[in-house]
Amino acid sequence: MARTHHVSEASIHSMSDDKQFLRRHSLERRDLITHEEAHQAAQELTKNSLTCLKPIIALYPSNNALISLYWPIRSEINTRPLIEALSLLGHTISLPIMHQVKQPLVFRKFVPGDDLVKGPYGLSEPSDDKALIEPDIIFAPLAAFDRRGFRLGYGGGIYDATFTKLRNRKKITAIGLAYALQEIDQVPIEPHDQKLDYLITEREIISFS
């Protein structure tokens, strides 16, 4: 008789504890970044992101890739300069809408200057009258990352669910954005965890493709 692989409840709790420990310590380091350091890092991140995107976008007809970014919260590296730069270049930008944890995001069009509303989870999101978009390139926030291409999120599982859903439908490019100091040796992974294609910091572009 074939033996069924069984993941014990204790190992699941251990994995969860490991993730919580790593998440907490990575975010504590991120919180120590000064205003001046954050400003400079955002400029460098924008340059690196545009460099990374150029050959990816060139693969799409008329360079018309649909791009999802996110509005920064807490001490996340500032994505607003990148949103502005991509909008000025004529790209279609969307921001995510979070309806439920562990469920895929939906995305609505955003143009700099549009008003944002507070969603049910306190995030700044486009209003319901903005067009729904299914992005080709998705930028994701994170608590920590490793050199294998795995990200440690905030515990809601929404980006893993989103990447899984969209990768079952089409080719997408998943890009994590972070400060360099958010790197850790190894992110604990579970079967549902989705790898990134790229990770961009203020210092470098890391390709996992």
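Structure shown above.
Residues numbered from 1 in each chain as written. Predicted model: local features only at pLDDT ≥ 70, side-chain atom pairs only at ≥ 80, totals over all residues. Heavy atoms only, no water.

## A closer look at the overall build of the protein chain
Our working definition: Going along the chain from the N terminus, every DSSP run of H or I of four or more residues is numbered as a helix, and every run of E of two or more is numbered as a strand. In this treatment the radius of gyration is a C-alpha quantity, and the globule benchmark scales as 2.2 Å times the residue count to the 0.38 power. Burial here depends on accessible area, computed with a 1.4 Å probe over protein chains only, as a share of the maximum for the residue type. Under 20% is buried, over 50% is exposed, and the range in between is partly exposed. Using the Shrake-Rupley algorithm and a 1.4 Å probe, accessible areas are obtained, with residue cover drawn only from the displayed protein chains. For the charge count, each Lys or Arg is scored as positive and each Asp or Glu as negative, with His and the chain ends excluded. A charged residue contributes its charge at one atom only: NZ of Lys, CZ of Arg, CG of Asp or CD of Glu.
Across its full length, the protein chain carries four helices and twelve strands. For the protein chain, the C-alpha radius of gyration of 17 Å lies close to 17 Å, the compact-globule estimate for 209 residues. Oriented by its inertia axes, the alpha-carbon framework of the protein chain measures out at about 60 × 40 × 35 Å. Burial statistics for the protein chain: of 209 residues in total, 47% are counted as buried. When the accessible surface of the protein chain is split by element, carbon and sulfur atoms take 52% of a total near 11400 Å². Here the protein chain contributes 25 positive and 26 negative side-chain charges, whose respective centroids are spaced 4 Å apart.

## Overview of the sheet that holds strand E10 (residues 173-177)
Let me state the cut-off plainly: Paired strands, as defined in this entry, are two strands with at least two bridges between them according to DSSP. Contacts: residue pairs with any heavy atoms within 4.5 Å of one another. Lines fitted to C-alpha atoms define the axes here, with helix axes fitted over just the stretch in contact, and angles between the N-to-C directions of these axes take values from 0 to 180 degrees.
Reading across the sheet, the eight strands line up as E6-E3-E2-E1-E7-E10-E11-E12 and stay open at both edges, with mixed pairing between neighbours. For this open sheet the edge positions go to strand E6 (132-133) and strand E12 (205-207), each flanked by a neighbour on one side alone. Of the pairings in the sheet, the one linking strand E11 (residues 198-200) to E12 comprises three bridges and is antiparallel in character. Each bridged residue has a counterpart across the sheet, and for Tyr198 the counterpart in E12 is Ser207. Helix H3 (residues 80-88) contacts strand E1 (66-68), strand E2 (92-97), strand E7 (137-140) and E10 of the sheet and is inclined by roughly 140° relative to E2.

## Description of the side chain of Arg108
Basically, it comes down to this: Basic side-chain nitrogens of Lys or Arg form a salt bridge, by our definition, when they fall within 4 Å of a carboxyl oxygen of Asp or Glu. Any pair of N or O atoms that falls within 3.5 Å is considered a polar contact. Within protein, one atom must be able to donate a hydrogen and the other to accept it, and sequence-neighbouring residues count only if both atoms are side-chain atoms.
You can see Arg108 is positioned in strand E3 (residues 106-109). Asp128 provides the closest opposite charge to the buried, salt-bridge-free Arg108, at an N-O distance of 4.0 Å. Within the local environment of Arg108, its side chain forms a polar contact with the backbone oxygen of Asp128, the two atoms lying 3.2 Å apart. Excluding residues within four positions of it along the chain, Arg108 makes contact with Ile93, Ser94, Leu95, Ile97, Pro126, Ser127, Asp128, Lys130, Ala131, Leu132 and Ile133.

## Some details on the pattern of salt bridges
Following the criterion strictly, the structure yields ten salt bridges and no others. A salt bridge links Glu134 to Lys170; the shortest N-O distance between them is 3.7 Å. With Glu134 in the loop between E6 and E7 and Lys170 in the loop between helix H4 (158-167) and E10, this pair connects stretches of sequence that are 36 residues apart. Between Asp136 and Lys170 there is a salt bridge, and its shortest N-O distance comes to 2.9 Å. Of the two residues, Asp136 sits in the loop between E6 and E7 while Lys170 sits in the loop between H4 and E10, which places them 34 residues apart along the sequence. Here the salt bridges share partners, and the residues they tie into one network are Glu134, Asp136, Arg169 and Lys170.

## Quick look at the packing of aromatic side chains
Keep this limit in mind: Any two rings among Phe, Tyr and Trp, with Trp reduced to its six-membered ring, count as a pair given centres within 6.5 Å; such a pair is stacked if its planes are under 30 degrees apart, edge-to-face if over 60, and tilted if neither. Placement of a positive charge over a ring is assigned whenever Lys NZ or Arg CZ falls within 6 Å of the ring centre and within 35 degrees of the normal to the ring plane.
Applying the stated criterion across every chain yields a total of two aromatic pairs. Measuring from centroid to centroid gives 5.6 Å for Trp71 and Phe110, while their planes differ by 70°, and the two rings are edge-to-face. Taken together, the residues span a long stretch of sequence, with Trp71 in the loop between E1 and H3 and Phe110 in the loop between E3 and strand E4 (116-118) at a distance of 39 residues. Looking at Arg74, its charged tip hangs above the ring of Tyr154, at a distance of 5.5 Å from the centre.

## Comments concerning the environment of Leu69
Considering the arrangement of structural elements, one finds Leu69 in the loop between E1 and H3. Residue Leu69 is classed as buried on the basis of its relative accessible area, which comes to 0%. Taking the C-alpha atoms as reference points, Leu69 and Glu36, separated by 33 residues in sequence, lie 23 Å from one another. Not counting residues within four places of it along the chain, the set of residues in contact with Leu69 comprises Thr79, Leu82, Ile83, Leu86, Ile93, Ser94, Leu95, Pro96, Phe139 and Leu177.

## Points about the pairing of E3
Relative to E3, E2 is paired through four bridges, and the arrangement is antiparallel. Bridging from a neighbouring strand, Ile97 pairs with Val106 of E3. With two bridges connecting them, E3 and E6 associate as antiparallel partners. Opposite Phe107, over in E6, you have Ile133 as the bridge partner.

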